[in-house]
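# Reading the structure
For reference, the chains in residue letters:
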Amino acid sequence: KKKEAEQRKKEMEEKVEMFNKVLEIDPVDQVANFGLGSIYLETGRYEEGLAPLNTVIEKFKDYSAAYLLLGKTLEKLSENDKAIDIYKKGIAVASKKGDLMPLKDMQNRMNQLLGQIHNETELNDIAKCTITISKSDKSIIDDLDLPSLYLAISLGGEWQHRTYQNWQNIIT
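Presented here is a report on the structure given in the accompanying data block.

### A few points about the pattern of salt bridges
Scanning all chains against the criterion turns up seven salt bridges. For the salt bridge of Glu79 with Lys82, the shortest nitrogen-to-oxygen distance reads 3.9 Å. Looking at Lys82, the relative accessible area reads 47%, which means it is partly exposed. Here the salt bridges share partners, and the residues they tie into one network are Glu13, Arg45 and Glu48.

### Let's talk about the packing of aromatic side chains
Overall, the coordinates contain one aromatic pair when judged by the stated rule. Relative to Tyr63, the ring of Phe34 lies with its centre 5.0 Å away and its plane at 45°, an arrangement referred to as tilted. You can see Phe34 sitting in helix α2 (residues 30–42) and its partner Tyr63 sitting in the loop between α3 (46–59) and α4 (64–76), a full 29 residues away along the chain.

### Focus on helix α5 (residues 80–97)
Taking 1.5 Å of rise per residue, the 18 residues of α5 would be expected to cover 26 Å, and the 25 Å separating its terminal C-alpha atoms lies within 8% of that figure. Listing the buried residues of α5 in full gives Ala83, Ile84, Ile86, Tyr87, Lys88, Gly90, Ile91, Val93 and Ala94. Gly98 sits one or two residues past α5 and shows a positive phi near 80°.

So, how was this worked out
Residues numbered from 1 in each chain as written. Predicted model: local features only at pLDDT ≥ 70, side-chain atom pairs only at ≥ 80, totals over all residues. Heavy atoms only, no water. Salt bridge = Lys/Arg side-chain N within 4 Å of Asp/Glu carboxyl O. Buried < 20%, exposed > 50% of the residue type's maximum accessible area, 1.4 Å probe, protein only. Phe/Tyr/Trp six-rings, centres within 6.5 Å; stacked < 30°, edge-to-face > 60°. Helix = DSSP H or I, 4+ residues; strand = E, 2+ residues; numbered from the N terminus. Expected span 1.5 Å × (residues − 1).

Below, the structure written as structure tokens:
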């Protein structure tokens, strides 16, 4: 097992070198920055992973997997408020693109982080809708006379069990 771990570490360092060579040629390369951020997260080099992942979301705003990876990195650094903000942005991006896997993962992770909040006022302040509704959808919602809180919760995916009536049951 020790030999396997050493081999794995060597492979990771080779990948880091390869990505850095690509970034010398093109500092905003999407694949190299994302790959570097991924390796840094996997190897516990969280601080080093921030720069390449931020580059990806700044230059390629619709790359939802980068928001997920950056959020995970921020969580590892105990920057939970920043992670929540990144997840909110990433959820909006993933929703718009239809990227269901990163969308669900970001919703779950954000919900877990929000579950660490200890009172309803804090939760109300943070739990804002992360998915915008178009005017035509709003018109349909109004015509059907559906409650807006229910819709916001439903659109949030994993939020269905966190209705206002049940928050006192899940907040510790």
